Amino acid sequence: MMFRPSIFSLITLSAGSVRSVSGLSTAASAGTKVAGARNLGGSDLVVSEACLGTMTWGVQNSQEDAFEQIDYARSMGVNFIDTAELYPVPLTAPEWRAGATEEILGEYIKKIGPERDELIIASKIAGFFPNSPVAAARTVPPTDPPPNGRLDTKSVQMACDASLRRLQTDRIDLMQIHWPDRYVPVFGQTEFKHDNKREDAVAIEETASALRDMIEEGKIRYIGLSNETPFGVCEWVRATEKLGIRDKLVSIQNSYSLLDRRFDSELAEVCDNYNIGLLPWSILAGGLLSGKYREGKNPSPNSRFIKYEDYMTRWCPSTASEETIYAANEYSRIAEEAGMSPTELSVAFCRTRRFISDAGSVIVGATTMDQLKENLAPFDGSTATLDEDVLAAINEVHMKCRDPSCIL
């Protein structure tokens, strides 16, 4: 029997402006709209401004729900879908099974046949994870007892092959490293604790070399990072330059929202200089920034923080810090005074960040179709703007409560 631990406890513009491409299809086929088309990082991958997130598929959402979400997103010009071998979440859900989300997406890919070429598919390989049920799920049947999840050559190869099998596709357009093999503060942690550093960490160059082999075999096309630090990004640039695949490193997926603006400084500079686009995750802080958990509201019993109070505790209304709740309420107030919904303000803020608008894409997910329609409504190909007085009000709250949900 496999133990399902909390991962947190274990890992202490317009289409006409994009560059011309050749070879494999990098965007939707002729005549198919890609809303807010842009090149991802320095690559030839032409992606929509919004990227459809999938992490609830298989727990909060069924395959039928997922298919409806994809069809709607595509009708709105979204051609970019992000998943991971770890998904769905939370891992504590009784029905959780690693790879279930990829399997659902794979059934959709199978259903649409040649239309698969209209999509940009991204997935992620899990990083350091002792006794990992995610690594176990790379084999059929799952390996028992679960092996440690690492980013060595064999593990990367097995993860890629397992994702290809589940996705029922011959290539993954963007393969990302979900979090590093080495110790780093992740998922809201901010303090580097020297005693947690491990001497057996797999070298970034080994992981990069394994991904290069997958590229040469045609199994993946580009490389992305996730939950990385400025040091990590620079080391990845150095390693990929040495291996001759610097042009394949194109994106980073880190937390970014009104409640977590850590990307604004050092990472923004690093990624700008290396032309690496940001794919922000949890732009609504797990739903807290949607306003639906405010006093007097009545969120659905299926809402994330009602159904899973032990998940994303830094944003869960019953466990978040007073500063986090205060800031979320203030951002809702600013939105209302500007004639916007809290969701619209949160989305607009992310859309106006240069490290996203120039070469990135905004990850948008939902558990209901009404949520998805509201979240995708701004992504109609228009340019996002926020008045200077609205930005000033946002920054005033930020300076009072800077990244309040982050922890030591």
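Scroll up for the structure.
This write-up is about the structure you can find in this document. Fair warning: this is a prediction, and the values are worked out from it, not measured in the lab. (Residues numbered from 1 in each chain as written. Predicted model: local features only at pLDDT ≥ 70, side-chain atom pairs only at ≥ 80, totals over all residues. Heavy atoms only, no water.)

**Focus: the nonpolar core**
Here is step 1: Of all hydrophobic cores here, the largest spans 109 residues; its most connected members are L211 and Y331.
Here is step 2: Here this core gets 6 residues from one element, more than from any other, and that element is helix α6 (residues 204-216).
Here is step 3: Not counting the four nearest positions on each side in its chain, Y331 is found in contact with L258, L259, L289, L345, I394, V397 and H398.
Here is step 4: In this structure, V47, C51, F80 and Y222 belong to the second largest nonpolar core, which totals 12 residues. (Core = buried A, V, L, I, M, F, W, Y, C linked by side-chain atoms within 4.5 Å. Buried < 20%, exposed > 50% of the residue type's maximum accessible area, 1.4 Å probe, protein only. Helix = DSSP H or I, 4+ residues; strand = E, 2+ residues; numbered from the N terminus. Contact = heavy atoms within 4.5 Å.)

**What to know about the side chain of R353**
Here is step 1: Structurally, R353 can be placed in the loop between α11 (342-351) and α12 (354-357).
Here is step 2: Buried charge without a partner: R353 forms no salt bridge, and the closest opposite charge is D264, 5.5 Å away.
Here is step 3: Of the polar contacts made by the side chain of R353, one reaches the side chain of T352; its length is 2.9 Å.
Here is step 4: Apart from the residues lying within four places of it in its own chain, the contact partners of R353 are Y256 and L391. (Lys, Arg positive; Asp, Glu negative; His and termini not counted. Salt bridge = Lys/Arg side-chain N within 4 Å of Asp/Glu carboxyl O. Polar contact = N/O pair within 3.5 Å; in protein donor to acceptor, adjacent residues only side chain to side chain.)

**Looking at unusual backbone geometry**
Backbone phi values are negative for most residues with the exception of glycine, while trans is the configuration of most peptide bonds.
Here is step 1: Look at the link from V89 to P90: it is a cis peptide, with omega at 0°.
Here is step 2: Its location among the elements puts P90 in the loop between β4 (80-82) and α3 (100-112).
Here is step 3: Cis peptide bonds are those with omega within 30 degrees of zero, and the linkage from V140 to P141 qualifies with -5°.
Here is step 4: Structurally, the position occupied by P141 is in the loop between α4 (133-136) and α5 (153-167).
Here is step 5: In the Ramachandran plot, S282 falls in the positive-phi region, its phi being about 55° despite a non-glycine side chain.
Here is step 6: Positionally, S282 belongs in the loop between β9 (277-278) and α9 (304-307).

**Topic: the sheet that holds β4**
Here is step 1: The strand order β9-β8-β7-β6-β5-β4-β3-β10 describes an open sheet built from 8 strands, whose pairing is parallel. The strands lining the two open edges of the sheet, one partner per strand, are β9 and β10 (362-364).
Here is step 2: Two strands pair when backbone bridges link them, and strand β3 (residues 50-53) and β4 are joined in this way by 3 bridges, in the parallel orientation. If you follow L52 over to β4, its bridge partner there is I81.
Here is step 3: The sheet contacts of helix α7 (residues 230-243) involve β6 (172-177), β7 (220-226) and β8 (249-253), and relative to β8 the element is tilted by about 160°. (Pairing = 2+ DSSP bridges. Axes fitted to C-alpha atoms, helices over the stretch in contact; angles between N-to-C directions.)

**Points about the packing of helix α10 (residues 322-337) against helix α14 (residues 388-400)**
Here is step 1: Axis separation between α10 and α14 bottoms out at 10 Å; the angle between their running directions is 170°. Here α14 runs roughly antiparallel to α10, going by the angle between their axes. On the side of α10, the interface is formed by Y326, A327, E330, Y331 and I334, while α14 contributes V390, A393, I394, V397, H398 and K400.
Here is step 2: Of the residues contributing to the contact of α10 with α14, the split by class is 8 nonpolar, 1 polar and 2 charged. (Parallel < 35°, antiparallel > 145°, perpendicular 65-115°, else oblique. Nonpolar A, V, L, I, M, F, W, Y, C, P; charged D, E, K, R; others polar.)

**A look at the environment of Y308**
Here is step 1: Topologically, Y308 is positioned in the loop between α9 and α10.
Here is step 2: For the pair Y308 and E205, spaced 103 residues apart in sequence, the C-alpha separation works out to 38 Å.
Here is step 3: Each residue touching Y308, except ones within four places of it in the same chain, is listed here: V59, Q60, P90, A93 and E95.

**Overview of the packing of α7 against helix α8 (residues 266-273)**
A pair of packed helices can be characterised by two numbers: the angle between their axes and the separation between those axes.
Here is step 1: Closest axis-to-axis distance for the α7/α8 pair is 9 Å, and the angle between their directions is 15°. Judged by the angle between their axes, α7 and α8 are roughly parallel. The handedness of the crossing between α7 and α8 comes out as left-handed. Contacts between α7 and α8 involve P230, V233 and C234 from the former and E266, L267 and V270 from the latter.
Here is step 2: Tallied by class, the residues present in the contact of α7 with α8 amount to 5 nonpolar, no polar and 1 charged. (Left-handed = near helix turned anticlockwise from the far one by under 90°.)

**Quick word on the pairing of strand β5 (residues 120-125)**
Here is step 1: The element β5 is largely enclosed, with a buried count of 6 among its 6 residues.
Here is step 2: Of the two faces of β5, both are covered, the one formed by I120, A122 and K124 as well as the one formed by I121, S123 and I125.
Here is step 3: The sheet contact formed by β4 and β5 spans 3 bridges and is parallel. For I81, the partnering residue across the bridge sits in β5 and is I121.
Here is step 4: Where β5 meets β6, 4 bridges bridge the pair, whose relative direction is parallel. Bridged to S123 within β6 is M175.

**Quick notes on α10**
Here is step 1: Taking 1.5 Å of rise per residue, the 16 residues of α10 would be expected to cover 22 Å, and the 23 Å separating its terminal C-alpha atoms lies within 8% of that figure.
Here is step 2: Along α10, the residues classified as buried are T324, A327, A328, E330, Y331, S332, I334 and A335.
Here is step 3: Where α10 is buried, its residues meet α11 and α14. (Expected span 1.5 Å × (residues − 1).)

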